[in-house]
Amino acid sequence: MGKFVITTRKNGEFQFNLLATNGQVILTSQGYASKASCLNGVESVKKNAQTEARFDTKVAANGKPYFNLMATNGQIIGSSQMYANELNMKNGIASVMKNAPEAVIVDQTEA
């Protein structure tokens, strides 16, 4: 089962990473001013990751494919890593769709 890991950035913002069962990061959030907003972002990923149309595929300036997960309002709620090829990117989308809905939340900000 995947998991959302919530951490604090150096600038004090909260962020989450969605990790696949193997521990690999498959989605990274933006920075959030509060933990509550970050948790709302996690819930948004859980909901929106179930709809393939919410994944917006892109190609970076270096030619590597990646994707953004979009909310219903069009806002980016998470971004993938850069992939070596389109097939790997599609596998990344499938992994987010599979792992996000049931992923547990691990809060590493309470150390």
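Residues numbered from 1 in each chain as written. Predicted model: local features only at pLDDT ≥ 70, side-chain atom pairs only at ≥ 80, totals over all residues. Heavy atoms only, no water.

Quick word on the pattern of salt bridges
Phase 1 of the analysis: By the definition in use, this model includes four salt bridges.
Phase 2 of the analysis: Across the pair Asp 107 and Lys 35 runs a salt bridge, and its minimum N-O distance is 2.8 Å. Placement of Asp 107 in strand β7 (residues 104-107) and of Lys 35 in helix α1 (residues 35-48) is noted, with a sequence separation of 72 residues between them.
Phase 3 of the analysis: On the accessibility criterion, Asp 107 (27% relative accessible area) is partly exposed.
Phase 4 of the analysis: We note a salt bridge from Lys 90 to Glu 86, for which the minimum N-O separation is 3.4 Å. Of this pair, Lys 90 and Glu 86 are both found in helix α2 (residues 86-99), four residues apart, which corresponds to roughly one turn of the helix.
Phase 5 of the analysis: By relative accessible area, which is 47% here, Lys 90 ends up partly exposed.
Phase 6 of the analysis: Overall, the relative accessible area of 48% leaves Glu 86 in the partly exposed class. (Salt bridge = Lys/Arg side-chain N within 4 Å of Asp/Glu carboxyl O. Helix = DSSP H or I, 4+ residues; strand = E, 2+ residues; numbered from the N terminus. Buried < 20%, exposed > 50% of the residue type's maximum accessible area, 1.4 Å probe, protein only.)

Some thoughts on the side chain of Ser 95
Phase 1 of the analysis: Inspection of the secondary structure assignment puts Ser 95 in helix α2.
Phase 2 of the analysis: Contact partners of Ser 95, with chain neighbours within four places excluded, come to Ala 20 and Ile 26. (Contact = heavy atoms within 4.5 Å.)

Remarks on α2
Phase 1 of the analysis: Along its 14 residues, α2 runs 20 Å from first to last C-alpha, staying within 8% of the 20 Å computed at 1.5 Å per residue.
Phase 2 of the analysis: Those residues of α2 that sit buried are Met 89, Gly 92, Ile 93, Ser 95, Val 96 and Asn 99. End-on view of α2: buried residues confined to an arc of 160 degrees, all on one side of the axis. In this structure, α2 carries Leu 87 and Lys 98 as exposed residues pointing more than 90 degrees from its buried face.
Phase 3 of the analysis: In this fold, the buried residues of α2 make contact with β2 (14-19), β3 (25-28), β4 (55-59) and β5 (65-70).
Phase 4 of the analysis: Where α2 starts, the residue carrying a side-chain oxygen 3.2 Å from the main-chain nitrogen of Leu 87 turns out to be Asn 85. (Expected span 1.5 Å × (residues − 1). Arc of directions from axis to C-beta. Polar contact = N/O pair within 3.5 Å; in protein donor to acceptor, adjacent residues only side chain to side chain.)

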